[in-house]
Amino acid sequence: MFDLILRNATLPDGRTGVDIACRDGVIEAVETGITAEAKEVIDAGGYLVSPPFVDPHFHMDATLSLGRPRMNVSGTLLEGIALWGELKPLQSVDEIVERALRYCDLAVAQGIGAIRSHVDTCDDELKGVEALLEVRSQVKDYLDLQLVAFPQDGVLRDPSAMQNTLRALDMGVDVVGGIPHFERTMADGAASVRQLCEIAADRGLRVDMHCDESDDPMSRHIETLAYETQRLGLQGRVAGSHLTSMHSMDNYYVSKLIPLMVEAGIHAIPNPAINIMIQGKHDSYPKRRGMTRVRELRDAGITIGFGSDCVMDPWYSLGKADMLDIAFMGLHVGQLCSRKDMAWCFDAVTANSAHIMGLEGYGLTKGSQANMVLLQARDTTEAIRLRPTRLAVIRHGAVIAQAPRQLSALRLTGRPDQVDPASYAPKA
Ligand code: FE2
């Protein structure tokens, strides 16, 4: 007797008619025609079952604060940072916890199973750190929340940032962050990368830096991040978030840089919605696309996860915790338009991001954690096209969120009486 069986599922790799049996929170079988019984059976109806969505880059201490204390009028990164500086002293730990938990509710309903959130450590009271450690504990049964100690105002530029970042790590924050392009000079930026990577190496932690979130082709901190990763033996544990300056870099320099990144085993986390919205603001026309070189990095063998970065906060007014929105945007901005490329964009918000975060037991194979999402779509590319209803979200073999199938009733003479958006999938 299993706890749960999903019957007649389509898997991300294209297999159809598959049953998935779960017991004690673990997937025990993925095969066709499972005859055993289960306490709960879900008919997937041929729709897509995927491992949960994973958001590898988010700011949960700022989310859902839109309008407090005012709106970002220019829409620029720098006004967003200034606005965040105005909000920080106004908000309480309880308020951050409340907003974060509300966001987690939405994320779970959208099929997100794991989030890497940066948390600002440039605050002597460390309110965000205290709040998100509490949230991490409260949501752990239904959401993996990984926290990054993020010195938003620059670990060297802000006089107490280094001390507060170390305090945050002592309190249990998981990953070392940084923002080298926001330090006072290129030299300080490089020094910040070196010092923060040394801290990660000493403590056995991962690194995820906001790196070169700029249109400046001379913003080359990713080179230092790759060098320090390789020097300190941190291969596979370091991610560069944003990397937007790579878009504007000289092609010859990039031809040297990407192999260095490959050698260092660095991961890349573009944030397509935020990047296309914020970068290129100083351009007239032609106006640059605000995203790093996704195709080139991917083809070189670098693992890429797409992050959402912001939802309804000082930097970005929109967003709904839908990683398929992010895949959709990444696909367009990166012109990833072959069928193979589109399917890869689904990996960028699922398996690739799980790999970057180091999630254990992620996937739909025997022995994996029984964490899944049932989508009203027929395959992964269709999921990106439709950004469909999450019919069921499953965690540790139990349903934790459900939504009814979306069907529109038609009142047209001589036409069908209802429409399922997922019924328009191309024939295999
Ligand atoms: Fe960010």
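Report on the accompanying structure. None of the values given here were measured: they were computed from a predicted structure.

## Side note on the coordination of the iron ion
Then, number 1: All of the protein donors around the iron ion are H57 (NE2), H59 (NE2), H210 (NE2) and D309 (OD); their distances to the metal are 2.1 to 2.4 Å.
Then, number 2: For the iron ion, the four donor atoms in the first shell make angles of 86 to 180 degrees at the metal, so the coordination geometry reads as irregular.
Then, number 3: Of note, the donors binding the iron ion are all from one chain and are spaced H-x1-H-x150-H-x98-D. Taken as a pair, H59 in the loop between β6 (53-58) and α1 (77-87) and D309 in the loop between α10 (294-299) and α11 (323-333) lie far apart in primary sequence, 250 residues in all.
Then, number 4: By relative accessible area, H59 is classed as buried at 6%.

## Examining the sheet that holds strand β15 (residues 398-402)
Then, number 1: Across the sheet, four strands lie side by side as β5-β13-β14-β15; this open sheet has antiparallel pairing. For this open sheet the edge positions go to β5 (48-50) and β15, each flanked by a neighbour on one side alone. Strand-to-strand twist of the sheet, defined as the mean angle between neighbouring strand axes without regard to direction, takes the value 20 degrees.
Then, number 2: Pairing of strand β13 (residues 372-375) with strand β14 (residues 390-395) involves four bridges; the strand directions are antiparallel. Paired with V373 across the two strands is V393, which belongs to β14.

## Quick notes on the packing of aromatic side chains
Then, number 1: A complete count under the given rule lists four aromatic pairs for this structure.
Then, number 2: Ring centres of F58 and Y103 lie 4.4 Å apart, and the angle between their planes is 20 degrees; on these two criteria the pair is classed as stacked. Of this pair, F58 sits in strand β6 while Y103 sits in helix α2 (residues 93-109), and the two are 45 residues apart along the sequence. The burial state of F58 is the same as that of Y103; both residues are buried.
Then, number 3: Pairing F306 with W344 gives two aromatic rings, centres 5.8 Å apart and planes at 90 degrees, and the pair type is edge-to-face. Linking F306 in the loop between α10 and α11 with W344 in helix α12 (residues 339-347), this pair joins segments that are 38 residues apart in sequence.
Then, number 4: Here F306 falls in the buried class, since its relative accessible area comes to 0%.
Then, number 5: Judged by relative accessible area, W344 falls into the buried class, the value being 11%.

## Section: the nonpolar core
Then, number 1: In this structure, M60, V135, L225, M261 and F306 are the most contacted members of the largest nonpolar core, which totals 102 residues.
Then, number 2: Broken down by element, this core gets its largest block of residues, nine residues, from α2.
Then, number 3: Of the domains in this structure, domain 1 (2-51 + 363-423) and domain 2 (53-357) are the two that each give at least three residues to this core.
Then, number 4: Discounting chain neighbours no more than four positions away, the residues touching M60 are A100, Y103, C104, I115, S117, H118, L132, V135 and L145.
Then, number 5: The next biggest cluster of nonpolar side chains, apart from the first, holds 21 residues, and it includes A9, Y47, L374 and A422.

## Focus: the packing of helix α6 (residues 221-231) against helix α8 (residues 251-264)
Then, number 1: Running from N to C, α6 and α8 point in directions that differ by 30 degrees, and their axes come no closer than 9 Å. Between α6 and α8, the angle is such that the two are roughly parallel. For α6 against α8, the interelement crossing comes out left-handed. Residues I222, E223, A226, T229 and Q230 of α6 form the contact with α8, whose participating residues are Y253, K256, L257, L260, M261, E263 and A264.
Then, number 2: Taken together, the residues of the contact of α6 with α8 sort by class into seven nonpolar, two polar and three charged.

## Here's the deal with a nonpolar patch on the surface
Then, number 1: There is a patch of nonpolar side chains on the surface, built from I276, M277 and L318 and spanning about 250 Å² of accessible area.
Then, number 2: When you line up the elements, L318 lands in the loop between α10 and α11.
Then, number 3: Relative accessible area serves as the criterion here: at 48%, L318 is assigned to the partly exposed category.

## Quick word on the environment of T10
Then, number 1: By secondary structure assignment, the location of T10 is in the loop between β1 (2-9) and β2 (18-23).
Then, number 2: Of the residues examined, T10 reaches a relative accessible area of 6% and is grouped as buried.
Then, number 3: Taking the C-alpha atoms as reference points, T10 and Q163, separated by 153 residues in sequence, lie 50 Å from one another.
Then, number 4: Residues in contact with T10, not counting those within four places in the same chain, are R15, T16, G46, Y47, L48, V49 and R378.
Then, number 5: Polar contacts involving the side chain of T10 include one to the main-chain carbonyl oxygen of G46, which spans 2.8 Å.

## What to know about the environment of Y142
Then, number 1: Within the secondary structure, Y142 is located in the loop between α3 (127-139) and β8 (144-150).
Then, number 2: Between the alpha carbons of Y142 and G154 there is a distance of 33 Å; along the sequence they are twelve residues apart.
Then, number 3: Among residues more than four places away in sequence, those in contact with Y142 are L101, D105, V108, R395 and I400.

## Notes on the side chain of S353
Then, number 1: If you trace the backbone, S353 turns up in helix α13 (residues 351-357).
Then, number 2: Accessibility expressed as a relative area gives 0% for S353, which makes it buried.
Then, number 3: A distance of 2.9 Å separates a polar atom in the side chain of S353 from the backbone oxygen of A348.
Then, number 4: Not counting the four nearest positions on each side in its chain, S353 is found in contact with V54, P56, G305, F306, D347 and A348.

Reading guide: rules and limits
- Residues numbered from 1 in each chain as written.
- Predicted model: local features only at pLDDT ≥ 70, side-chain atom pairs only at ≥ 80, totals over all residues.
- Heavy atoms only, no water.
- Donors = N, O, S within 2.8 Å, 3.2 Å for Na, K, Ca; no water.
- Tetrahedral: all angles 85-135°; square planar, octahedral: opposite > 155°, others 65-115°.
- Helix = DSSP H or I, 4+ residues; strand = E, 2+ residues; numbered from the N terminus.
- Buried < 20%, exposed > 50% of the residue type's maximum accessible area, 1.4 Å probe, protein only.
- Pairing = 2+ DSSP bridges.
- Axes fitted to C-alpha atoms, helices over the stretch in contact; angles between N-to-C directions.
- Phe/Tyr/Trp six-rings, centres within 6.5 Å; stacked < 30°, edge-to-face > 60°.
- Core = buried A, V, L, I, M, F, W, Y, C linked by side-chain atoms within 4.5 Å.
- Domains from an automatic or database assignment.
- Contact = heavy atoms within 4.5 Å.
- Parallel < 35°, antiparallel > 145°, perpendicular 65-115°, else oblique.
- Left-handed = near helix turned anticlockwise from the far one by under 90°.
- Nonpolar A, V, L, I, M, F, W, Y, C, P; charged D, E, K, R; others polar.
- Patch = residues over 30% accessible without salt bridge, like charges linked within 9 Å, V, L, I, M, F, W, Y side chains within 5 Å.
- Areas by Shrake-Rupley, 256 points an atom, 1.4 Å probe, with all protein chains shown as cover.
- Salt bridge = Lys/Arg side-chain N within 4 Å of Asp/Glu carboxyl O.
- Polar contact = N/O pair within 3.5 Å; in protein donor to acceptor, adjacent residues only side chain to side chain.

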